[in-house]
There are 2 protein chains.
Amino acid sequence: MKNILVLMDLREDLRQELENTAPGNFFSYTSDSRATEEQFRDAEIILAAGGRPPDGLKACKKLKYIALRSVGYEQYLTPGLLPRKTVLTNAKGVYSKAVAEHGLALTLSLEKNLPYYRDNQNQGLWRAEGRTSSIADSTVLVVGLGDIGNYYAKLAKALGAYVIGVKRTPGTKPDTVDELITQDRLKETVGRADVIFNVLPGGPETYHLYDEELFSRMKSTALFINCGRGSSVDTQALCATLEGGGLRAAACDVFETEPLPPDSKLWKIRNLVITPHRAGFLLLPGTEEALVRLLAENLNAWIEGRELKNVVHRA
Amino acid sequence: MKNILVLMDLREDLRQELENTAPGNFFSYTSDSRATEEQFRDAEIILAAGGRPPDGLKACKKLKYIALRSVGYEQYLTPGLLPRKTVLTNAKGVYSKAVAEHGLALTLSLEKNLPYYRDNQNQGLWRAEGRTSSIADSTVLVVGLGDIGNYYAKLAKALGAYVIGVKRTPGTKPDTVDELITQDRLKETVGRADVIFNVLPGGPETYHLYDEELFSRMKSTALFINCGRGSSVDTQALCATLEGGGLRAAACDVFETEPLPPDSKLWKIRNLVITPHRAGFLLLPGTEEALVRLLAENLNAWIEGRELKNVVHRA
């Protein structure tokens, strides 16, 4: 019998679904912060840990497998945090629909100037807000062509956009895009885009990829949407670009510092739209179910010694 | 040589396009309010008149044909306003793309709670805003299946929605919808919808169609979007429904009174989004060009005695 620590409160039916895949083991349900040192010490398997490693993790003595409820796993790579042989999986794929749709909603909302109309409404102002643009006439650059990027690309293409996908490594063009380029061609291509949708992961390879120079190559009428990681954007460069008219507008769900401090200047930039890292949360019905399905599949595979999905290569 | 009065300032290339279709005639370009009594008196043809008839219209003595730049024509039907035999056409079709995309942007924006995030941003608040919904899991009711309705239906379907179209008269189901019903079944069908998109025209037949009873049959989680005419909605009933939790949210581009007065209570209803009748304005690039193309085609047809598009039956 293994001790399986689930760092998430789950509905009874979802607990059942999970436990049915690993009968005869002991499950405890708690949260990152409420879990006791004893629970961490005894856990052989941890399920549904958040993107930020819980403090209790250092007490683990028996941990063989840890499954994240987040896609981001960078903080788990800190040397010494996890036992050397512990297997780590993330929740890639679970939030694709939620994040892609959130990104599309932000895109259309900016194309039609909806945030400014909301501001006007709050002041009782009946006033036109200048030119709009059409997704059907837009060239959309999707930077990061994983699950989310492909989902967003498919939606944008269905609405008539011309979609260019950007991948790190060369490969066959998927049907979700009209054109595929590798990331080394980003600088020369970004100037063709009316919409730039970023879903790159964090980490040293993408750190401040969006810097002053890259922003300067974008059309001044372009929209920049970030639903990837805040660290890929040089925040000061984005602010300067928006304030200097180098972009029509931007929308960010992720930031270099989260939560964004109350006194951050970003809140006040009119043509920047802020959502609080909730694109890929559990707010969309069906997402929690999809997460538990993945956790259950992987738990079952672990117990039976089969191959796991979404294994993070830690070396 | 006919006097052709164009009630719109047009770019030089668009003036040329128009004039090329009717060579040898005299064109004057002005606006509804700047046009002189003399210009109205002498005009045999008026092009690009607005939805609200210009005051000068009563001075017309020779008017044979008037082409509107708007889709709405109701106010031109006032008895005695136009000479009995004057032919009237509207701009049906010109704004379909703009209005349908605006409607879709409002829909996705409400599904993802974006207006509330904008409000939070303006207060420097990093805060989650509850459950979202997915267009792909939504049943969308499109009330009024003309050019705009069909365009919106096609977009919603492309994003995965199940679309029910509502038409006044029976007919063959177009490919843009999954299901077609006639308007007499609206009451019994409205409760199935997660999104109700209204694009019905104004006039006595649609006056206050959306009343207390119809709103009471909608799901309390539904979204109501009005890009048709304000007169089709009983404003008090909509307010009461929104404030009483009878709908998740609504977005309106049109109102019973326009502009909405600064002291209207509508501005303050949190789950109502207001845009100032700009969905179908000339703000989307390509729209003005499409309007001039229609005006030019009809002008040419008039001169050559051929059949016109979009003729309004005045009797």
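Up top is the structure these notes are about.
Conventions and cut-offs
- Residues numbered from 1 in each chain as written.
- Chains lettered and ligands numbered in written order.
- Predicted model: local features only at pLDDT ≥ 70, side-chain atom pairs only at ≥ 80, totals over all residues.
- Heavy atoms only, no water.
- Helix = DSSP H or I, 4+ residues; strand = E, 2+ residues; numbered from the N terminus.
- Rg over C-alpha atoms; globule rule 2.2 N^0.38 Å.
- Buried < 20%, exposed > 50% of the residue type's maximum accessible area, 1.4 Å probe, protein only.
- Contact = heavy atoms within 4.5 Å.
- Areas by Shrake-Rupley, 256 points an atom, 1.4 Å probe, with all protein chains shown as cover.
- Lys, Arg positive; Asp, Glu negative; His and termini not counted.
- Charge placed at Lys NZ, Arg CZ, Asp CG, Glu CD.
- Salt bridge = Lys/Arg side-chain N within 4 Å of Asp/Glu carboxyl O.
- Buried area = accessible area lost by both parts, 1.4 Å probe.
- Core = buried A, V, L, I, M, F, W, Y, C linked by side-chain atoms within 4.5 Å.
- Axes fitted to C-alpha atoms, helices over the stretch in contact; angles between N-to-C directions.
- Parallel < 35°, antiparallel > 145°, perpendicular 65-115°, else oblique.
- Left-handed = near helix turned anticlockwise from the far one by under 90°.

Participant: Which parts of the structure should I look at to understand the overall build of chain A?
Facilitator: When helices and strands are tallied, chain A shows nine helices and twelve strands. The C-alpha radius of gyration computed for chain A amounts to 21 Å, which stays within 12% of the reference 20 Å derived for 315 residues, consistent with globular compactness. Dimensions of chain A, computed from C-alpha atoms along their principal axes, come out at roughly 65 × 50 × 35 Å. When burial is assessed residue by residue, chain A has 55% of its 315 residues classed as buried. In chain A, 57% of the contacts between residues at least 6 apart in sequence involve partners at least 24 apart. Surface exposure of chain A reaches about 13,600 Å², of which carbon and sulfur atoms provide 50%. When the 39 basic and 39 acidic side-chain charges of chain A are each reduced to a single mean position, those positions are 1 Å apart.

Participant: Just to check I follow, could you spell out the pattern of salt bridges for this structure?
Facilitator: Here the idea is simple: oppositely charged side chains can pair when their charged atoms come close. For the coordinates displayed, the defined rule picks out 46 salt bridges over all chains. A salt bridge links Lys309(A) to Glu297(A); the shortest N-O distance between them is 2.8 Å. Within this pair, whereas Lys309(A) is found in the segment after α9 (287-303), its partner Glu297(A) is found in helix α9, the two being separated by twelve residues in sequence. By relative accessible area, which is 44% here, Lys309(A) ends up partly exposed. A salt bridge links Asp9(B) to Arg34(B); the shortest N-O distance between them is 2.9 Å. Of this pair, Asp9(B) sits in the loop between β1 (3-6) and α1 (12-20) while Arg34(B) sits in the loop between β2 (26-29) and α2 (37-42); the two residues are 25 residues apart in sequence, bridging distant segments of the chain. Judged by its relative accessible area of 47%, Asp9(B) is partly exposed.

Participant: Can you help me understand the interface of chain B and chain A in this one?
Facilitator: When the parts come together, some accessible area is lost, and that loss is often what is quoted as the size of the interface. At the interface, 53 residues of chain B touch 53 residues of chain A. Buried area between chain B and chain A, summed over both chains or domains, comes out near 4,500 Å², and the portion from carbon and sulfur atoms is 62%. Counting the contacts that link chain B with chain A gives six salt bridges. With a closest N to O distance of 2.9 Å, Glu101(B) and Lys112(A) form a salt bridge.

Participant: In this structure, what is going on with the nonpolar core? I would like to understand it.
Facilitator: Within the largest apolar cluster, 119 residues are counted, with the highest numbers of intra-cluster contacts made by Val6(A) and Val6(B). If one sorts the elements of this core by residue count, helix α9 (residues 287-303) of chain B sits on top with eight residues. In this structure, Val6(A) is in contact with Leu18(A), Phe27(A), Ser28(A), Tyr29(A), Thr30(A), Leu47(A) and Ala48(A), ignoring residues within four places of it in sequence.

Participant: Sorry if this is basic, but what is going on with the packing of helix α3 (residues 96-111) of chain A against helix α3 (residues 96-111) of chain B here?
Facilitator: For any two helices packed against each other, the geometry comes down to the angle between their axes and how far apart the axes lie. Contact pair α3(A) / α3(B): the axes reach a minimum separation of 8 Å and the direction vectors enclose 135°. Considered as vectors, α3(A) and α3(B) are oriented oblique to each other. As for the relative orientation of α3(A) and α3(B), their crossing is left-handed in sense. Residues Leu104(A), Ala105(A), Leu108(A) and Ser109(A) of α3(A) touch α3(B), and the partners they reach there are Leu104(B), Ala105(B), Leu108(B) and Ser109(B).

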